[in-house]
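Take a look at the letters that make up each chain.
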Amino acid sequence: EDRILDYGTGDGFMLSKIRSENNLCKIVGYEPIPDMFEELKEKIGTSNKQSVELVNNINDYANNSFNKVCCLEVLEHLTEINQKKEIETMVNLLTNDGKLIISVPIEFGFSSLLKNVVRILLRQSHRNTTFRNVIFSLLGVHFHRGDEAFISGHIGFYYHDLEKILLS
């Protein structure tokens, strides 16, 4: 009977996985990006309201509302300032004994080189995917990724920086 929040639910994959494993828990999918939220509503459906609730405004929930919050493949799309803000929001939404699960990609070193070469070959690269930035990511050299509220690409995200935020 957990109360689970999928923070930045995207296409709803995690919501569907949780629902298929446990139909006793209350699941809330939060997706703030309007286009993605509309796609999510179409995919998950609104007839499913009792088992999965979809929201695009997290401020509707009080502190200590969830005993589990998962945030998968989201924080790499935010600036450091916004990462801190969103982590604080997630922590506040957790009960005192709640668990926060965060997943982010490895985007530096050899794995970054491979991922970016594949993205380029598949024509799925983003604005910051330049030869210079691919080499910088291979070497772990920081560069400015942008100041947008949502950074579409992964290149230049280093999970070690996020670890420092989480440990501070």
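Quantities reported herein were computed from a predicted structural model and do not represent experimental measurements.

Caption draft 1: Looking closely at the pairing of strand β1 (residues 3–7). Here β1 lies mainly inside the structure; four of its five residues are buried. Here β1 pairs with strand β2 (residues 26–30) via five bridges, running parallel. Each bridged residue has a counterpart across the sheet, and for R3 the counterpart in β2 is K26. Once you follow β1 into helix α1 (residues 13–21) and on to β2, the crossover reads as right-handed. Judged from the three bridges that link them, β1 and strand β4 (residues 66–72) form a sheet pairing that is parallel. The residue bridging L5 from the neighbouring strand is V69, located in β4.

Caption draft 2: The nonpolar core, seen in detail. Core analysis: the largest hydrophobic core is formed by 20 residues, its most contacted members being L5 and Y7. Mapped onto this core, the elements with two or more residues apiece are β1, β2, β4, α3 (80–93) and α6 (159–167). In this structure L5 touches V28, Y30, I58, F66, K68, V69, C70 and L93, once residues within four positions along its chain are discounted. If you look at the next biggest cluster of nonpolar residues, it comprises 10 residues, including I4, I18, C25 and I27.

Caption draft 3: Main features of the packing of aromatic side chains. The final tally for this structure, using the stated rule, is five aromatic pairs. For the pair F108 and Y159, a centre-to-centre distance of 5.8 Å together with 40 degrees between the ring planes defines the contact as tilted. Of this pair, F108 sits in the loop between β5 (94–103) and α4 (110–121) while Y159 sits in helix α6, and the two are 51 residues apart along the sequence. Judged by its relative accessible area of 25%, F108 falls in the partly exposed class.

Caption draft 4: Representation of the state of the cysteines in the model. As enumerated under the stated definition, the model contains zero disulfides in all. This cysteine, C70, is not joined by any disulfide, and C71 carries the nearest cysteine sulfur, 8.1 Å off. The class of C70 is buried, set by a relative accessible area of 3%. By relative accessible area, C71 is classed as buried at 1%.

Reading guide: rules and limits
Residues numbered from 1 in each chain as written. Predicted model: local features only at pLDDT ≥ 70, side-chain atom pairs only at ≥ 80, totals over all residues. Heavy atoms only, no water. Buried < 20%, exposed > 50% of the residue type's maximum accessible area, 1.4 Å probe, protein only. Helix = DSSP H or I, 4+ residues; strand = E, 2+ residues; numbered from the N terminus. Pairing = 2+ DSSP bridges. Right-handed = clockwise from strand over helix to strand, strands pointing away. Core = buried A, V, L, I, M, F, W, Y, C linked by side-chain atoms within 4.5 Å. Contact = heavy atoms within 4.5 Å. Phe/Tyr/Trp six-rings, centres within 6.5 Å; stacked < 30°, edge-to-face > 60°. Disulfide = S-S within 2.5 Å.

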